[in-house]
Structure formats: C-alpha cells, structure tokens
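Observations on the three-dimensional arrangement
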Amino acid sequence: MTEAGLLEPVPRPVRARSSWWTNAVRQALAFAVLGGLLFLMFHMTSANLQSRGIHSGFAFLWEPSRTPVTDAPIAVEAGVDSYAKAFAAGALNSLKLTAAATVAATLAGLVIGLGRLSHNALARALCAGYVEIMRNVPVLLHVFLWYGLILGLPAASEASSWGNFVLATNRGMYLAWPGVDANGSWSLVRPVVDGFEVKGGIFMSPEFFALFIGISLYTAAFIAEIVRASMGSLPRGQWEATAALGLSRRTTLRRVVLPQALRVAMPPLTSEYLGIFKNSTLAVAVGYQDFMAIGNTMLTDTGQAVEVMAIVMIFYAAVSLLVSAAMHAYEHRNMRWGLR
C-alpha cells in the first residue's frame, strides 16, 4: 500500500435513511390495525346491546353524577356536576398520587442504591435488607399495613405534633407547607389544632397517605437495585482515575458516575415509573377515589359497562404512552449531548 493510500480517509458505512421511516410506518400500521380491531369489537358489542334493548353511547357523561368525589383538586358535588367532571377529578387524583409516589420513590431509591455501594458494611447490610424485604412483599400488603397504622393513630385533639411540622392523626397527615399565613405574607404554614379541627398546612387523607407511602417504599427497593446495577456497570478505571485526580467521592458521583449511569438506568426506570402509575389502581382497595374507582362507581350507577371501561382503558393507555415517550425523549437528548 502506498503512502498516499495510508493517508486516505477510511469511508464510513452509510446508514440507510429509510430505516427510520420504515419503522415508523410499521408502528403506524400496527396501531391502525389494533385501533380497527378495537373499533370493530366496540361496534359489535354496541349492536348486541341495542338488540337487547340496552342503550349505548357516551351521552351519560353529561348527566349529573350520583356520587361525590372527595380528596380531589376540583370539587365534584353529587346531583350537580356531571360524570365527565367526576372522571376529570378521578384523573387528577390518579396523577397526583403517581407524581408524589414517583418523586418519593426516586429519592428513596437513589439513597438506598448509593447505600448499597457504601464502604460502610453496616450501611450496605441495612440497605440490602431493606431491598430484600420490601420487594418480596406484595405492594397491596404494604398499602394495607400503612392504612391500618394510620387508622390506629389518635384523634386530632389528642395527637402530638412532631416539631410543629407533622401532625399525625387518624383523620390523616397534616404537614407544614409554604403558603400565606394569617398576616398575609408567604411563610411556612404549620398545622395547628383548633378544638376538633386542624388548621394550616397540607392535608393527606388516610387513603392517599397509605397508597403514597406503600407504593413509594415498595418501588424504592427496585429503583435502588437499578441505581446499584447502573453504577456498577461503569468501568472501575473511572473511579481510579478520579481518585488519582484528587476528586472527592461526592464530586465523582455527581460529575462523573451519575451522568453516565443515568443513561443505563433510563429504560428500567421507565418501567418502574409506569408500574407506579398502574399500581395506583390499588386505590380501590382502600377507598381512594382514583380514575379506576370512579369508573367502577359510574359502571354501577349507569350500567354503561362498555363505554366506561373503554374510557378507563384509553386513559391508562394514553398516560402510559405519554410517560414512555417523555422518558424516551429525555434518554435520546442525554445520549445526543453525551456524544458531543
């Protein structure tokens, strides 16, 4: 080979540009076929119901709801507000529970996962024991345990406050929260017992608190294992290189290890976040009015089983696809910035 030939650039394989469009067309066709089958099934079911004198359709959504919705960001009054508004309140309850449990489980899982990598043997043993115990007990039992514990707490008039930040009663949990105080200025508003009532702070009902704590602690065990495995997948030479540069362990974790481990952890984290959203349907077991519970109530009140279940399926499928798409976009963005 000549000297000039050695200096010639090596041609890179050209990736077919049509591959992305081919995959997109295949997915679109798959969704179209699935949507067509669902529409056909719904049409045949509606025809069979009409032949038996059972009316179908979604007109019932604008009728007054027979059951009120409590513990929701929007008020739903029975006999006044429509079923559509009750569905909206149930959706907000589900999303509120999912968002709170996702944040708590992520923070707890990160701490426990780092604890499993600690140099302290006691910390490693405690975190490993937590993971083994939590993930081998069904999540529903976690919810029932916390629900029973909070119902066994004293009444508000007899409850003691933990540093004026947390007030635990059998009516629910009251937490100090930023807001407008009696003087009209922003500050940390703390819960205060006033007779048989509690004023100030943010309130979590027993049902919401049991679901929030139970699902969060259960999912944190799985997220901890994801954190441990993703950080363990990095070459040991990077740890040695940062130690040779004199970087502290905290700086190494924050600047070197965690950004790379996040790319490995994103796919399993997406599954865990979707699992939190799906596990929120366990709210039916403790009486929390999430989207699924509202759907069951409407099914009993109206008898529109097909329509109600179709709405429930569309809601959970749409939110799950949106979460999956958002996590995929975030993963793609991180990978693109990492290659620069």
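Quick notes on the rules
Here the residue index of a chain counts from 1 through its sequence in written order. A pLDDT threshold of at least 70 governs which residues receive local features in this predicted model, and a stricter bar of 80 or more applies before side-chain atom pairs are shown or counted, although totals over entire chains, interfaces and linings include all residues. Computation of side-chain values covers all heavy atoms of the structure but excludes hydrogens and water. Two joining distances apply to patches: 9 Å for like charges and 5 Å for nonpolar side chains (Val, Leu, Ile, Met, Phe, Trp, Tyr), and every residue must have over 30% relative accessible area and no salt bridge. Areas reported as accessible are Shrake-Rupley estimates using a 1.4 Å probe. Residue values count occlusion only from the protein chains shown. Think of a salt bridge as a Lys or Arg side-chain nitrogen and an Asp or Glu carboxyl oxygen that are within 4 Å of each other. Counting from the N terminus, the helices are DSSP H or I runs at least four residues long and the strands are E runs at least two residues long. Aromatic rings from Phe, Tyr and Trp, taking only the six-membered ring of Trp, are treated as a pair when their centres fall within 6.5 Å; an angle between ring planes under 30 degrees marks them as stacked, one over 60 as edge-to-face, and anything in between as tilted. Only protein chains enter the area calculation, which uses a 1.4 Å probe; residues under 20% of their type maximum are buried, those over 50% are exposed, and those in between are partly exposed. Both cavities and pockets are sets of points on a 1 Å grid over the protein atoms alone; in a cavity a 1.4 Å probe fits but cannot get out, in a pocket the set is open with protein on both sides within 12 Å along at least five of seven lines, and lining residues sit with an atom within 4 Å of a point. Grid points are joined across faces, edges and corners, and a volume is the space filled by probe spheres set on the points. By the convention adopted, Pro, Cys, Tyr, Trp, Phe, Met, Ile, Leu, Val and Ala count as nonpolar, Lys, Arg, Asp and Glu as charged, and the other residues, Gly among them, as polar. Multiplying 1.5 Å by the helix residue count minus one yields the expected span of that helix. Note: the arc covers the axis-to-C-beta directions of the helix.

1. Some details on a nonpolar patch on the surface
- Together, F31, L34, L38, M41 and L321 give the surface a local cluster of nonpolar side chains, amounting to about 510 Å² of exposed area.
- With four residues, helix α2 (residues 18-51) is the single largest residue contributor to the nonpolar patch.
- The residue L321 is located in helix α11 (residues 305-338) in this model.

2. Some remarks on the packing of aromatic side chains
- Overall, the coordinates contain 12 aromatic pairs when judged by the stated rule.
- Judged by centre distance (4.9 Å) and plane angle (45°), the ring pair of Y174 and F203 falls under tilted. Here the residue Y174 occupies a position in strand β3 (residues 172-175), and F203 occupies one in strand β8 (residues 202-204), the gap between them amounting to 29 residues.
- Assessed through its relative accessible area of 10%, Y174 is described here as buried.
- One aromatic cluster is present, formed by F87, F277, F291, F315 and Y316 through successive ring pairs.

3. A closer look at the layout of surface pockets
- Approximately 350 Å³ is the volume found for the largest pocket.
- Listed by contribution, the elements that provide at least two residues to the lining of the largest pocket are α2 and α11.
- Classifying every residue of the lining of the largest pocket by side-chain character gives 10 nonpolar, two polar and no charged.

4. What to know about the pattern of salt bridges
- What the rule picks out here adds up to six salt bridges.
- Across the pair K96 and D71 runs a salt bridge whose closest N-O atoms are separated by 3.8 Å. Here K96 is found in helix α3 (residues 83-116), whereas its partner D71 is found in the loop between α2 and α3, with 25 residues between them in sequence.
- Its salt-bridge partner being E132, residue R135 comes within 3.1 Å of it at the nearest N-O pair. In this pair, R135 and E132 both sit in helix α4 (residues 121-135), three residues apart, roughly one turn of the helix.
- Here E132 falls in the partly exposed class, since its relative accessible area comes to 38%.
- One salt-bridge network, held together by shared partners, links R116, E132, R135, E225 and R228.

5. Describing helix α5 (residues 139-151)
- Relative to the 18 Å expected for 13 residues at 1.5 Å per residue, α5 spans 19 Å between its end C-alpha atoms, a close match to the ideal helical length.
- Taken together, the buried positions of α5 are occupied by V139, H142, V143, Y147 and I150. Down the axis of α5, the buried side of the element spans an arc of 130°, and every buried residue falls inside it.

6. Re empty space enclosed by the protein
- Counted according to the given criterion, the structure contains one cavity of 30 Å³ or more.
- What the largest cavity holds in volume is close to 50 Å³.
- S65, T67, P68, V69, Y83, A86, I294, T297, M298 and D301 together form the lining of the largest cavity.
- Secondary structure elements with two or more residues in the lining of the largest cavity: α3 and α10 (291-302).
- Top contributing element to the lining of the largest cavity by residue count: α10, with four residues.

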